[in-house]
Amino acid sequence: IMLYANIGNSKDLAAVLQNDAGGIGLFRSEFIYLERDTFPTEEEQFQIYRTVAETMAGKPVIIRTLDIGADKKCDYFEMEPEENPAMGCRAIRICLTRPEIFKTQLRALFRASAFGNISIMYPMIISVLTEQGVTFGEPKQGIMIETPAAVMMSEELAKEVDFFSIGTNDLTQYTLAIDRQNPKLDAFYEPHHPAVLRMIQMVVENAHKAGIWAGICGELGADTSLTRRFLAMGVDELSMSPGSILPVRKIILETDVTKERENNNLC
């Protein structure tokens, strides 16, 4: 199983290397936008992506395209207020409706891919990418599985991409119909809910059926109470904050996967 790190910018690279991550499973590129007052240029983005790729020296670097919206506000995007921003204009929906922003980022990513092992990952996908006019290039292309729709379509989606990364934070929110930003609902928010775990299992099985890998990049990736369960499911990759890597690795090294599969009836 691959153990990767989640980062928000190049400043996090020292912690990634210090904790011996196998790669970067989620580079949240939206922080490049959130930390500025104007849109970053293609050249500015290219230099950041190149630095990360070169620093990781051939290890995988999965960069998620712009994921603004919901709880991530950026004033200069001048987005209209929404009644339910978690289900509104966010992530890939912004990119597809503002192609000039999306193309700038993609050009920077494709240029940077010449300097390291970069993969591109698209958030909030609910249908086949080619139908939305997304151009594929040389880097590996993957998508985030964050909605029940993507889970149910995962068999078809798996035929179009190189990998899946399950965003368990949003997947849990949308599956349970509970706003994870509302503290009044904390008692009802159950990321270990059987429905969420069954969806993860379905995605992994459909990925493997198509010959691609499936990982987890949400908070559950670092949840040590589920690490053995994920191994039994056949999850290929776990991505988490750099500081969580060593504790999770310890559990993995101590786990007999065959026994875990028998215990969880996943033979």
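First things first, this report covers the structure right here in the doc. Remember, it's a predicted structure, so these values are computed and weren't measured experimentally.

**Some words on helix H9 (residues 194–209)**
Spanning 16 residues, H9 covers 22 Å between terminal C-alpha atoms, matching the ideal 22 Å at 1.5 Å per step. Within H9 the residues assigned to the buried category are Val196, Leu197, Met199, Ile200, Gln201, Val203, Val204, Asn206 and Ala207. Taken from the residues just after H9, Gly211 is the one with a positive phi, measuring 80 degrees.

**Re the packing of helix H3 (residues 42–55) against helix H5 (residues 99–112)**
Relative orientation and spacing of two packed helices are given, respectively, by the angle between their axes and the distance between those axes. At a minimum axis distance of 8 Å, the contact between H3 and H5 shows a crossing angle of 35 degrees. At the point where H3 passes H5, the crossing takes the right-handed sense. Contacts from Glu42, Glu43, Gln45, Phe46, Tyr49, Arg50 and Ala53 of H3 reach H5 at Thr104, Gln105, Arg107, Ala108, Leu109, Arg111 and Ala112. The class makeup of the residues in the contact of H3 with H5 is 6 nonpolar, 3 polar and 5 charged.

**Focus: the nonpolar core**
Membership of the largest hydrophobic core comes to 70 residues, with the highest contact counts inside it found for Ile24, Tyr49, Phe77, Ile145, Phe164, Ile200 and Phe230. Among the elements that take part in this core, H9 stands out by supplying 7 residues, more than any other. When near neighbours in sequence (up to four residues on either side) are disregarded, Ile24 contacts Tyr4, Ala5, Ile7, Leu13, Val16, Val52, Met56, Pro60, Val61 and Ile62. Formed by 7 residues, the second largest nonpolar core is a distinct cluster that contains Leu26, Met121, Met144 and Cys217.

**Let's talk about H5**
Between its first and last C-alpha, H5 extends 20 Å over 14 residues, near the 20 Å set by a 1.5 Å rise per residue. For H5, the set of buried residues is Ile101, Phe102, Thr104, Gln105, Leu106, Ala108, Leu109 and Ala112. Of the surrounding elements, those touching the buried residues of H5 are helix H2 (30–34), H3, strand E3 (61–64), helix H4 (92–97) and strand E4 (118–122).

**Notes on the pattern of salt bridges**
Two side chains carrying opposite charge are able to pair once their charged atoms lie near each other. The full count for this structure, using the stated rule, is 11 salt bridges. Here Arg249 makes a salt bridge to Asp20, at a shortest N to O gap of 3.2 Å. Remark: Asp20 occurs in the loop between helix H1 (13–18) and strand E2 (24–28) and Arg249 occurs in helix H11 (residues 245–253); sequence separation between them is 229 residues. Arg64 is paired through a salt bridge with Asp67; the nearest N and O atoms lie 3.5 Å apart.

**Topic: the pairing of E2**
Of all 5 residues that make up E2, 4 are buried, and the element is covered over most of its length. Judged from the 3 bridges that link them, strand E1 (residues 2–7) and E2 form a sheet pairing that is parallel. Paired with Ala5 across the two strands is Ile24, which belongs to E2. After leaving E1, the chain enters H1 and then returns to the sheet as E2, a path that is right-handed. Across 3 bridges, E2 lies against E3 in parallel orientation.

**Considerations on the side chain of Asn9**
Tracing the backbone shows Asn9 in the loop between E1 and H1. A polar side-chain atom of Asn9 sits 3.1 Å from a polar atom in the side chain of Glu35. Those residues in contact with Asn9 that sit more than four places away from it in its chain are Phe27 and Glu35.

What counts and what doesn't
Residues numbered from 1 in each chain as written. Predicted model: local features only at pLDDT ≥ 70, side-chain atom pairs only at ≥ 80, totals over all residues. Heavy atoms only, no water. Helix = DSSP H or I, 4+ residues; strand = E, 2+ residues; numbered from the N terminus. Expected span 1.5 Å × (residues − 1). Buried < 20%, exposed > 50% of the residue type's maximum accessible area, 1.4 Å probe, protein only. Axes fitted to C-alpha atoms, helices over the stretch in contact; angles between N-to-C directions. Left-handed = near helix turned anticlockwise from the far one by under 90°. Contact = heavy atoms within 4.5 Å. Nonpolar A, V, L, I, M, F, W, Y, C, P; charged D, E, K, R; others polar. Core = buried A, V, L, I, M, F, W, Y, C linked by side-chain atoms within 4.5 Å. Salt bridge = Lys/Arg side-chain N within 4 Å of Asp/Glu carboxyl O. Pairing = 2+ DSSP bridges. Right-handed = clockwise from strand over helix to strand, strands pointing away. Polar contact = N/O pair within 3.5 Å; in protein donor to acceptor, adjacent residues only side chain to side chain.

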